[in-house]
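The residues making up each chain are set out below.
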Amino acid sequence: MKEKKLTFLPKLTLVLISIVIIGYLARIGQTILAPLFFSFLMALLFTPFANFCERKFYFPRALSTFAALLIMMILIFGLVYFFSTQLSDFADSFPTLQKQISKSFYNLQIWVAKTFQLNFKSQMDYIDQGLQKLLASSGVILGFTVSMFSTMGAFLVFSFLFFIFILNYRSLLYGFICSVFDPKHLIKVHEITEEIQKIIKQYLMGLVIQIFIASTLTVILLTVLDVKYAVLLGVLTGLLNVIPYIGIVISGLLAGLIAFVTGGDKIILVLMGYVGIHILDANLVLPLVVGSKVKINALFTFLGLLIGEALWGISGMFLSIPFLAILKIIFERIEDLKPWGEILGEDSKRRRLRRRYKISKHIVLEEKE
């Protein structure tokens with residue numbers, strides 16, 4: 001019997017209906033699905049370590065899983081402790097910072113009035129009142145902080161549990177994925193699965209290196225310019241840099257604001273430094289350590305960020321890019337879905353030879369595919 005293929009319109013209708021249903025399920029299942037996907041990414045990242053422990057030290061599966069969990073918990077809680085101490089120092093100096101902000105806005109008001117010969121007194125009074133209310137609303141800030149940390153606590157608890165299950169039962173899950181397909185496609189399924197695992201691991205490791213480099217460069221920049229909270233702003237910039245375009249803008253504006261209220265003559269240098277770091281990251285660091293195999297074009301990157309934030313909030317913004325990268329890898333390796341993979345990537349006409357950077361006679365860095 002000859003197989004019938006759907007025409008474009010019915011196929012498009014089914015795709016749109018499927019997207020709406022999946023989006024609705026993702027929205028109502030945020031509490032479970034967001035930590036589940038995060039745990040899946042972390043399990044992929046720590047699988048080589050768990051395999052190494054089992055192969056080299058003959059660890060049983062449960063012991064290698066808990067060893068990987070211990071390392072992940074140390075890294076995450078170390079990051080949480082770092083931000084807690086830094087934010088505590090920031091909170092201690094908040095009254096001083098509040099006075100500096102008020103003084104800076106007052107000086108800005110005088111400068112605008114003198115430069116443009118305009119009377120902004122009444123307008124600036126409203127701004128000052130609003131600013132004072134914002135800065136004085138410690139109860140609102142405290143409530144938001146408590147809510148954020150409680151949400152993050154639930155997210156981490158679910159993430160740790162899912163991480164244990166996924167890493168401990170990785171062979172079972174892999175066997176299930178292979179068994180649901182027709183046996184004649186088994187070899188191709190194995191190839192696709194292994195390639196996805198390999199590329200995603202490389203991608204995640206590249207992101208970790210990118211965060212480290214961006215954080216280091218930012219800390220050096222802010223320390224040289226003698227901007228307060230240089231370490232806090234540097235690490236925050238590295239983490240936000242995972243969110244393309246938006247992350248560097250938010251962190252740059254935040255650093256510029258701190259520089260403005262603690263010494264307004266440095267704000268231009270801070271913003272110029274952030275632009276320089278972004279250019280270096282986009283044109284050198286990103287191609288070398290992340291590569292272009294999972295590179296998503298600007299249009300779908302921005303759409304992914306908006307949809308991720310709408311579905312899962314801040315965690316959705318961080319997880320949307322790896323999710324699109326996984327979809328792109330899968331789409332490009334399935335014949336019927338190749339057009340979707342191509343539209344997520346860069347324009348094929350812009351492909352060029354990979355760049356090489358000769359550091360020394362024996363050290364050459366080459367751009368990843």
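Residues numbered from 1 in each chain as written. Predicted model: local features only at pLDDT ≥ 70, side-chain atom pairs only at ≥ 80, totals over all residues. Heavy atoms only, no water.

A.B. asks: How do you make sense of the packing of aromatic side chains when you look at a structure like this?
C.D. replies: If you walk through the whole model with that rule in mind, you get nine aromatic pairs. Here the aromatic rings of Phe46 and Phe163 are separated by 5.8 Å at their centres, their planes lie at 90°, and the arrangement is edge-to-face. Taken together, the residues span a long stretch of sequence, with Phe46 in helix H2 (residues 30-56) and Phe163 in helix H6 (residues 138-168) at a distance of 117 residues. The exposure classification of Phe46 matches that of Phe163, with both residues buried. Judged by centre distance (6.4 Å) and plane angle (25°), the ring pair of Phe158 and Phe162 falls under stacked. Taken together, the residues Phe158 and Phe162, both in helix H6 and four residues apart, mark about one turn of the helix. Phe158 gets classed as partly exposed once you look at its relative accessible area, which sits at 32%. An aromatic cluster is built from Phe37, Phe40 and Phe323, whose rings are joined through pairwise contacts. (Phe/Tyr/Trp six-rings, centres within 6.5 Å; stacked < 30°, edge-to-face > 60°. Helix = DSSP H or I, 4+ residues; strand = E, 2+ residues; numbered from the N terminus. Buried < 20%, exposed > 50% of the residue type's maximum accessible area, 1.4 Å probe, protein only.)

A.B. asks: What am I meant to see in the confidence of the model for the protein here?
C.D. replies: Fine structural detail should not be taken from predicted coordinates in areas where pLDDT scores are low. The pLDDT averaged across the protein works out to 79; a share of 78% of its residues lies at or above 70. Per-element confidence in the protein is highest for H2, whose mean pLDDT is 91, and lowest for helix H5 (residues 121-136), whose mean pLDDT is 56. Segment residues 137-146 is flagged for pLDDT under 50; beyond a separation of four residues in sequence, or across chains, it makes one contact in the model. (pLDDT = per-residue confidence, 0-100. Contact = heavy atoms within 4.5 Å.)

A.B. asks: Looking at this model, I keep getting lost on the side chain of Thr218. Mind explaining?
C.D. replies: In this structure, Thr218 sits in helix H8 (residues 186-224). When its relative accessible area of 0% is taken as the criterion, Thr218 is described as buried. Engagement of the side chain of Thr218 in a polar contact is seen with the backbone oxygen of Ala214, the distance being 2.7 Å. With near-sequence residues (within four places) excluded, Thr218 lies in contact with Leu233, Gly234, Thr237, Tyr274 and Ile277. (Polar contact = N/O pair within 3.5 Å; in protein donor to acceptor, adjacent residues only side chain to side chain.)

A.B. asks: Whenever I open this one, the nonpolar core confuses me. Can you help?
C.D. replies: Note on soluble globular proteins: their nonpolar side chains tend to be buried together. Membership of the largest hydrophobic core comes to 39 residues, with the highest contact counts inside it found for Met72, Phe163, Ile200 and Leu204. Of all the secondary-structure elements, those providing two or more residues to this core are H2, helix H3 (61-92), H6, H8 and helix H12 (298-332). When residues of this core are assigned to their parent elements, the largest contribution, 10 residues, is made by H2. Residues Phe82, Tyr229, Leu232 and Ala259 belong to the second largest nonpolar core, which totals 20 residues. (Core = buried A, V, L, I, M, F, W, Y, C linked by side-chain atoms within 4.5 Å.)

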